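Summary of structural features
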Amino acid sequence: MRKLFLALISISLLNIYSCDDGDVITVELDFGETFKACEGVSSIVFYKTKDDPSESLSLKIDELSTLDEILVLDEVTKVYEKDFNVSTSNPFNYRTYSNDKLPNNLFCNDVPASDITITQDIESTDGTATIKTILIEDDNDGIPAELEDIDGNGNLDDDDTDGDGIPNYLDDDDDGDNVLTKEENPDPNNDGDFTDAQDTDGDGHADYLDSDDDNDEVLTRNEERYTQNEDPTDDKTDVDGVLVPDYLNGDVKEGGITTTKYNEKHHNIVQTYVVSLTIANFDLTLISLDEFDFGILEDSKLTKTRKGEPKFN
């Protein structure tokens, strides 16, 4: 059963809230920081479960039926935020079970599992549930977005090394040489320090920001002597028994072509929708909180990919 501790005598890593009557208590809501969702025909259930002891928190919202509805962001603020009244149609429930372990899809079946036994079901039909969705985009190139602020002015959108119209933090090929940034060893020893990024020609410009990696005056993206497919990584010359990519071999200067487009397989931008839920002023009999952070939604549908549209220079 949920534990309640007087703040006056309890020192712990628990959230402290104020009750409606003015008393301050700490409440142990040890359900983890994430929650899940089940889409229905005419509603959505947001829930979180735990074992030892087996408990669940769930919120049904009748006005929603699919997650896509909360992924439509405001065109100006780029955020979705809406309040829903906790009510008989949108109840907030705390339940305990006699089962030692609960299934992951506890609220996702039309017919409840016969082997699940509820021992306590407390329902609140008062309060406000606030859903907020923000969108985070990244190029997933192995370089943290904050480190792609080349000019250091705090504005990531004006850093576009190759001038293709896609800022570096969203561009998986920062220098536009048709070699993915993550394949140009921006962090060779994976220690999070990018000052030792690969610099083949030693000109002070890391390969992932250098359009001519071997400084042979032939642009990397033009070093396609053998396979002209907007991919210079598969054009190699034997050097003492080792096949070396021409774009990293300063001795190979002949045979370059002029590539007039970017590799269509590149410029994939990863979109991550971060959905948070807060429930305020609810009443679960003994537990009445001004505000409870329900957590962050965990669902594969929240990760999407869009295609960037580079402009060739």
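All values reported here derive from a predicted model rather than from experimental measurement.

1. A look at the nonpolar core
Counting residues in hydrophobic clusters, the biggest one holds 33 residues, and the most contacted among them are F46, I70, F92, I131, L277, I279 and F294. Secondary structure elements with two or more residues in this core: β4 (34-39), β5 (44-50), β6 (55-61), β7 (79-85), β8 (92-97), β10 (128-138), β13 (268-284) and β14 (287-297). Sorting elements by how many residues they give to this core places β13 first, with six residues. Filtering out sequence-adjacent residues up to four positions away, I131 remains in contact with F46, I61, L64, I70, Y80, E81, K82, F84, V275, S276 and L277.

2. Comments concerning the confidence of the model for the protein
Looking at the protein as a whole, its pLDDT mean stands at 87, while 88% of the residues score no less than 70. The weakest mean pLDDT in the protein belongs to strand β1 (residues 4-6) at 29; the strongest belongs to β7 at 98. pLDDT under 50 marks residues 1-27. Its contacts with residues more than four places away, or in other chains, come to 53 contacts.

3. Some details on the pairing of β13
When β10 meets β13, the two strands line up antiparallel, connected through eleven bridges. Considered in β13, the bridge of T130 is made with T278. Note that β13 and strand β15 (residues 303-307) share five bridges and pair antiparallel. Paired with I269 across the strands is R306, a residue of β15.

4. Topic: the side chain of D164
Within the secondary structure, D164 is located in the loop between β10 and β11 (236-239). For the buried residue D164, which engages in no salt bridge, the nearest side chain bearing the opposite charge is R221, 8.1 Å off. Of note is the side chain of D164, whose polar atom sits 2.9 Å from the backbone nitrogen of I166.

5. Some details on the pairing of β6
Where a strand is regular, its side chains alternate between the two sheet faces. For β6, a buried count of six out of seven residues is recorded, marking the element as mostly surrounded by other parts of the structure. Of the strand pairs in this sheet, β5 and β6 are connected by seven bridges, and their pairing is antiparallel. Bridging across to β6, V45 finds its partner in K60. Linking β5 to β6, which pair antiparallel, is a turn of four residues; within it D52 sits at a positive phi near 55 degrees. Here β6 runs beside β8; their pairing, made up of five bridges, is antiparallel. When the bridges of β8 are listed, S56 appears paired with R95.

6. Examining the side chain of N168
Tracing the backbone through its elements, the reader meets N168 in the loop between β10 and β11. Residues in contact with N168, not counting those within four places in the same chain, are D139, D141, E148, I150, D159, D160, T161, D174 and L209.

What counts, and at which threshold
Residues numbered from 1 in each chain as written. Predicted model: local features only at pLDDT ≥ 70, side-chain atom pairs only at ≥ 80, totals over all residues. Heavy atoms only, no water. Core = buried A, V, L, I, M, F, W, Y, C linked by side-chain atoms within 4.5 Å. Buried < 20%, exposed > 50% of the residue type's maximum accessible area, 1.4 Å probe, protein only. Helix = DSSP H or I, 4+ residues; strand = E, 2+ residues; numbered from the N terminus. Contact = heavy atoms within 4.5 Å. pLDDT = per-residue confidence, 0-100. Pairing = 2+ DSSP bridges. Lys, Arg positive; Asp, Glu negative; His and termini not counted. Salt bridge = Lys/Arg side-chain N within 4 Å of Asp/Glu carboxyl O. Polar contact = N/O pair within 3.5 Å; in protein donor to acceptor, adjacent residues only side chain to side chain.

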